[in-house]
Amino acid sequence: MAQVTRVTEHGGGVWSIPVPIPDNPLGHTLVHLLDTDRGPVLIDTGWDDPTAWDTLTAGLAACGTSVADVHGVLVTHHHPDHHGLSGQVREASGAWIAMHAADAQVVRRTREAEPSRWLLYLEEKLSAAGAPEAHLAPLRAGRAAGREGLPGQRPALPDREIVPGELLDLPGRRLRAVWTPGHTPGHVCLHLEEAHPAAGEGMPGHGRLFSGDHLLPEITPHIGLYEDPDDTTVIDPLGDYLDSLERVAALAPAEVLPAHQYAFTDAPARVRALLSHHEERLAGLLTLLTTPLTPWQLAESMEWNRPWEQIPYGSRNIAVSEAEAHLRRLVKLGRAEAVPGSNPVMYQAM
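Notes on the structure in this doc start here. (Residues numbered from 1 in each chain as written. Predicted model: local features only at pLDDT ≥ 70, side-chain atom pairs only at ≥ 80, totals over all residues. Heavy atoms only, no water.)

Considerations on the pairing of strand β9 (residues 188-192)
For step 1, the next point in the chain: The buried fraction of β9 is high, at 5 of 5 residues.
For step 2, the next point in the chain: Residues Val188, Leu190 and Leu192 of β9 are buried on one face, and the alternating residues Cys189 and His191, pointing to the opposite face, are buried as well.
For step 3, the next point in the chain: Sheet topology places strand β8 (residues 175-179) next to β9; 5 bridges connect them, and they run antiparallel. Across the sheet, the residue bridging to Leu175 is Leu192, located in β9. (Buried < 20%, exposed > 50% of the residue type's maximum accessible area, 1.4 Å probe, protein only. Helix = DSSP H or I, 4+ residues; strand = E, 2+ residues; numbered from the N terminus. Pairing = 2+ DSSP bridges.)

See below:
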């Protein structure tokens, strides 16, 4: 089976299994397996999908173990391509599931909310951002038809908390939690504070970092407003993310094991590139905001990996959320402001 041959052994009791994400350009989530004295622990699990499950179980077999042997699941963040299969793994093995409290709260609210609440939330949010009626109409139609709207409506509730700064209870391993909010409010990286298997070959740095979506070798992770219909806290996700990047750079790990793409070295250089990218993007947005724009109009004017007309419906929602996160950052820095009395709200450079 193709998924078996693609399992990668990273040495020192660490493997990665590429678990497919259906209909997604990312292709797959890299689920990492960490051997411990009490049995294997998974870092993330992949999307809740039959093909993904078959790939995960085949990958575990290729690593010399099975899903029934899994001792625990560490979830870097609540998104369905990371947390999706956690519940099924727990059912098959009795494993515990651990997550940062902030993301656990999102999971709890998602489970408790009426499914149509998400569609109403998106409709209200996008309307306030200046979305045209043609974009809002499918959301209204979906609510009328009883559609749920977002994936992962009943994700598994974690039964353990990942506490930032603390070593996790993994006998035989030194794995420390590093809180890295930005992509989600409770995103965590996990720092394996053990000598890298290649340390004897002169590899510089300190251990290995399981970085989830926080630090990827070629992709800039999505930073939007945290999606939680019942949380009205005024937040600054981009500011959170930039601060978290600095925290990770200071760790200077010898190698980064991300949840997408491939393992890489020189985390501080990648952090510098991401910080520069966001500073350049903020400067570019200020140029656009010499004319007052709604968040929707700003998203239409921003540079993406394809023209706005070719961006699919769901991806436009994500783009608007990213535009709003950048606006929130500019307002906090005193470089932009809302236009008084505008409805939907417009923003302009200061």
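A few points about the sheet that holds strand β4 (residues 41-43)
For step 1, the next point in the chain: On the basis of which strands lie adjacent, the open sheet formed by 7 strands has the order β1-β2-β3-β4-β5-β6-β7 and mixed pairing. At either margin of the open sheet sits one strand with a lone partner, and together these are β1 (8-9) and β7 (160-161).
For step 2, the next point in the chain: Relative to strand β5 (residues 72-74), β4 is paired through 3 bridges, and the arrangement is parallel. Within the sheet, the bridge partner assigned to Leu42 lies in β5 and is Val73.
For step 3, the next point in the chain: In the packing of helix α4 (residues 86-93) onto the sheet, the strands contacted are β4, β5 and β6 (96-99), and the crossing angle to β6 comes to about 150°. (Contact = heavy atoms within 4.5 Å. Axes fitted to C-alpha atoms, helices over the stretch in contact; angles between N-to-C directions.)

What about the sheet that holds strand β10 (residues 208-212)?
For step 1, the next point in the chain: With respect to topology, 4 strands assemble into an open sheet ordered β8-β9-β10-β11, the strand pairing being mixed. The open sheet has two edge strands, β8 and β11 (255-258), and neither has a second partner. Here the average twist between neighbouring strands, direction ignored, is 25°.

Some words on the packing of helix α8 (residues 237-251) against helix α11 (residues 313-332)
Helices that pack against each other are described as a pair by the angle of their axes relative to one another and the distance between those axes.
For step 1, the next point in the chain: It is at 7 Å that the axes of α8 and α11 come closest, and there the two elements cross at 80°. Taken as axis vectors, α8 and α11 run roughly perpendicular relative to one another. Along its contact with α8, which presents Leu238, Gly239 and Leu242, the element α11 presents Ala325, His326 and Arg329.
For step 2, the next point in the chain: Partitioned by chemical class, the residues of the contact of α8 with α11 number 3 nonpolar, 2 polar and 1 charged. (Parallel < 35°, antiparallel > 145°, perpendicular 65-115°, else oblique. Nonpolar A, V, L, I, M, F, W, Y, C, P; charged D, E, K, R; others polar.)

A closer look at α4
For step 1, the next point in the chain: Looking only at α4, the buried set comprises Ser86, Gly87 and Val89. Considered in projection along α4, the buried side chains sweep an arc of 160° and stay on one side of the axis.
For step 2, the next point in the chain: On its buried side, α4 packs onto β4, α2 (50-62), β5, α3 (80-83) and β6.
For step 3, the next point in the chain: The first or second residue beyond α4 is Gly94, which carries a positive phi of 80°. (Arc of directions from axis to C-beta.)

Here's the deal with the packing of aromatic side chains
Working definition: an aromatic ring pair is given by the centre-to-centre distance plus the angle between the planes.
For step 1, the next point in the chain: Applying the stated criterion across every chain yields a total of 1 aromatic pair.
For step 2, the next point in the chain: Note on Trp296 and Trp308: the rings are 5.5 Å apart at their centroids and 85° apart in plane angle, and the pair reads as edge-to-face. Here the residue Trp296 occupies a position in helix α10 (residues 295-301), and Trp308 occupies one in the loop between α10 and α11, the gap between them amounting to 12 residues. An identical accessibility class is assigned to Trp296 and Trp308; each is buried.
For step 3, the next point in the chain: Of note, Arg281 hangs over the ring of Trp304, and the distance from its end group to the ring centre comes to 4.6 Å. (Phe/Tyr/Trp six-rings, centres within 6.5 Å; stacked < 30°, edge-to-face > 60°. Lys NZ or Arg CZ within 6 Å of the ring centre and 35° of its normal.)

Observations regarding the layout of surface pockets
For step 1, the next point in the chain: Considered as a void within the structure, the second largest pocket measures approximately 730 Å³ in volume.
For step 2, the next point in the chain: Along its surface, the second largest pocket is lined by 30 residues, and Leu225, Tyr226, Asp231, Thr233 and Arg328 are the ones closest to its centre.
For step 3, the next point in the chain: Mapped onto the lining of the second largest pocket, the elements with two or more residues apiece are α5 (101-112), α6 (115-128) and α11.
For step 4, the next point in the chain: In terms of residue count, the dominant contributor to the lining of the second largest pocket is α6 (5 residues).
For step 5, the next point in the chain: Its residues assigned to classes, the lining of the second largest pocket comprises 18 nonpolar, 3 polar and 9 charged. (1 Å grid on protein atoms, 1.4 Å probe; cavity = no way out; pocket = protein on both sides within 12 Å on 5 of 7 lines; lining within 4 Å. Points joined across faces, edges and corners; volume = space filled by probe spheres on them.)

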